[in-house]
Amino acid sequence: MKFTQLPLLSVFLIASTLACAQGSPVIVVQKYERTSSSIVVEGVANIIPPGTKMWATVISIDGKPLDRDRHTMKTVENIFVANDRSFKATIKRYGSLDAYSFPDGKYRIEFFAMFNQMWQTKEVALAAGIKLNNQGYEVSSDTYCASKIA
């Protein structure tokens, strides 16, 4: 199994302080490990505020898209960005009951986060540049999303 650092394919960072220049990596994978039932990915989330909650999903192996209805491979627990911006994601195959051999190949993983009151804490929202009213809700009804394929 190989992971390669791919160019920034899509980043939807709507909040002004999260905006970044094309080519500046938001997610950097530093280490990965395949266990008997999962893939553990460790890395750094640049720009994204500490405390941000994310998910990760395998979108293709060796360039072949996964059928997300039948072969979902994703984190089953939320990923949180630590104060030093590091994160650890454990990816499993849905329904595998802790017994799935991930095939060898080049994996493309999408890291996803939404910046709204349902997903993030007030502190994370403020650090991301989202304007909140006195009750801690977004001033606009827009959902702020971040998505990065690594």
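Treat the numbers as computed from the prediction; the structure is a model and nothing was measured.

What follows covers the layout of surface pockets. In this model, the largest pocket occupies a volume close to 160 Å³. Around the largest pocket sit Trp-55, Ala-56, Thr-57, Arg-68, Thr-72, Lys-74, Thr-75, Glu-110 and Phe-112, which together line it. Put simply, the parts of the chain that give the lining of the largest pocket at least two residues each are β3 (53-61), β5 (73-75) and β8 (107-115). At 3 residues, β3 tops the list of elements feeding residues into the lining of the largest pocket. Class assignment for the residues of the lining of the largest pocket results in 3 nonpolar, 3 polar and 3 charged.

Before going further, it helps to examine unusual backbone geometry. For Asp-62, which is not glycine, the phi dihedral falls at a positive 50°. Relative to the elements of secondary structure, Asp-62 occurs in the loop between β3 and β4 (64-65). The backbone of Arg-85 sits at a positive phi, close to 70°, despite the residue not being glycine. By the secondary structure assignment, Arg-85 is in the loop between β6 (79-80) and β7 (86-93).

A few words now on the pairing of strand β2 (residues 39-45). The buried fraction of β2 amounts to 6 of the 7 residues, a majority that puts the element mostly inside the structure. Hairpin geometry of strand β1 (residues 27-34) and β2 is characterised by an intervening segment of 4 residues between the two adjacent antiparallel strands. When β2 meets β7, the two strands line up antiparallel, connected through 6 bridges. If you follow Ile-39 over to β7, its bridge partner there is Ile-91.

A few words on the packing of aromatic side chains. If you walk through the whole model with that rule in mind, you get 3 aromatic pairs. Summarising the aromatic geometry, the rings of Phe-112 and Trp-119 are spaced 5.7 Å apart at their centres and angled 80° between planes, so their arrangement reads as edge-to-face. Residue classification places Phe-112 among the partly exposed positions, given a relative accessible area of 23%. Take Trp-119: its relative accessible area is 13%, and that puts it in the buried class. Clustering of aromatic rings is evident, with ring pairs tying together Trp-55, Phe-112 and Trp-119. Sitting over the ring of Trp-119, Lys-53 keeps its end group 5.4 Å from the ring centre.

Further remarks concern the nonpolar core. Counting 29 residues, the largest nonpolar core has Met-54 and Phe-111 as its most contacted members. Mapped onto this core, the elements with two or more residues apiece are β2, β3, β7, β8 and α1 (122-127). It is β8 that contributes the most residues to this core, 5 residues altogether. If sequence neighbours within four positions are ignored, Met-54 has contacts with Ile-27, Ile-48, Asn-78, Ile-79, Val-81, Phe-87, Phe-111, Phe-112, Ala-113 and Trp-119.

Rules used throughout
- Residues numbered from 1 in each chain as written.
- Predicted model: local features only at pLDDT ≥ 70, side-chain atom pairs only at ≥ 80, totals over all residues.
- Heavy atoms only, no water.
- 1 Å grid on protein atoms, 1.4 Å probe; cavity = no way out; pocket = protein on both sides within 12 Å on 5 of 7 lines; lining within 4 Å.
- Points joined across faces, edges and corners; volume = space filled by probe spheres on them.
- Helix = DSSP H or I, 4+ residues; strand = E, 2+ residues; numbered from the N terminus.
- Nonpolar A, V, L, I, M, F, W, Y, C, P; charged D, E, K, R; others polar.
- Buried < 20%, exposed > 50% of the residue type's maximum accessible area, 1.4 Å probe, protein only.
- Pairing = 2+ DSSP bridges.
- Phe/Tyr/Trp six-rings, centres within 6.5 Å; stacked < 30°, edge-to-face > 60°.
- Lys NZ or Arg CZ within 6 Å of the ring centre and 35° of its normal.
- Core = buried A, V, L, I, M, F, W, Y, C linked by side-chain atoms within 4.5 Å.
- Contact = heavy atoms within 4.5 Å.

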